[in-house]
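Here is how the chains run, residue by residue.
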Amino acid sequence: MLSSFYKNIYNVVDDPSLDQIISWSKSNNSFIVWNLEGLQREVLPKSIEFGKHYLKFMTELKFYGFKRIKGSAQWEFGHEYFVRGQPELLVKMMFKTGMKRIEQLAAIRRAKKKKAKAAKAKAEAEVENRLQQLRI
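Under an unreviewed UniProt entry, the name given to the chain is HSF-type DNA-binding domain-containing protein, and the source organism is Arabidopsis lyrata subsp. lyrata. Note on the chain: under the UniProt heading Sequence similarities (unreviewed entry), the record states "Belongs to the HSF family."

Explanation requested: the UniProt feature "coiled-coil region" (unreviewed entry) in the chain in the structure shown.
In this numbering, the UniProt entry assigns the feature "coiled-coil region" (unreviewed entry) to residues 102–133. Taken end to end, residues 102–133 is 100% helix and 0% strand, and its first and last C-alpha atoms sit 46 Å apart.

Got a minute to help me understand the nonpolar core in this structure?
As a rule of thumb, soluble globular proteins bury nonpolar side chains together. Ranked by size, the top nonpolar core spans 25 residues in total, and within it Ile-9, Ile-22, Phe-31, Leu-39, Phe-66 and Phe-82 carry the most contacts. Mapped onto this core, the elements with two or more residues apiece are helix 1 (4–14), strand 1 (22–24), strand 2 (30–33), helix 2 (36–43), helix 3 (54–63) and helix 4 (90–135). Looking at which element gives the most residues to this core, the answer is helix 1, with 6 residues. Once residues lying within four places of it in the same chain are set aside, the contact partners of Phe-82 are Ile-9, Tyr-10, Val-13, Trp-24, Asn-28, Asn-29, Ser-30, Phe-31, Phe-66, Leu-90 and Met-93.

So, how was this worked out
- Residues numbered from 1 in each chain as written.
- Predicted model: local features only at pLDDT ≥ 70, side-chain atom pairs only at ≥ 80, totals over all residues.
- Heavy atoms only, no water.
- UniProt positions renumbered as here; feature names shortened; annotations may be inferred.
- Helix = DSSP H or I, 4+ residues; strand = E, 2+ residues; numbered from the N terminus.
- Core = buried A, V, L, I, M, F, W, Y, C linked by side-chain atoms within 4.5 Å.
- Buried < 20%, exposed > 50% of the residue type's maximum accessible area, 1.4 Å probe, protein only.
- Contact = heavy atoms within 4.5 Å.

Below, the structure is given as structure tokens:
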């Protein structure tokens, strides 16, 4: 099942009545926010997933796999599977983003486990050191 965020953002970007605020880029695989005030006033309040403020919207975009397009003079965001005229690719986008989140969580868990193991070894060494001092 496709997340409503993906459907909503696709529909907003694809809506020609909002082109003065947000629209597809010329490449058709990213979108441009042309008017931040209009976005906050007209677009964001219509979807609970977008958040009420532009910064929350940007956080959500990142969470859902969008990347800011570097080198653009505008606020441009894209994803390889966010393509004009191909909403069926949103499923791939959702899957890829979900897999990336799973990998990130696994890496965090591995790092925590490694840190805990190191802390345990350090504590055991400290206990051993104190025992040695008591024996002397």
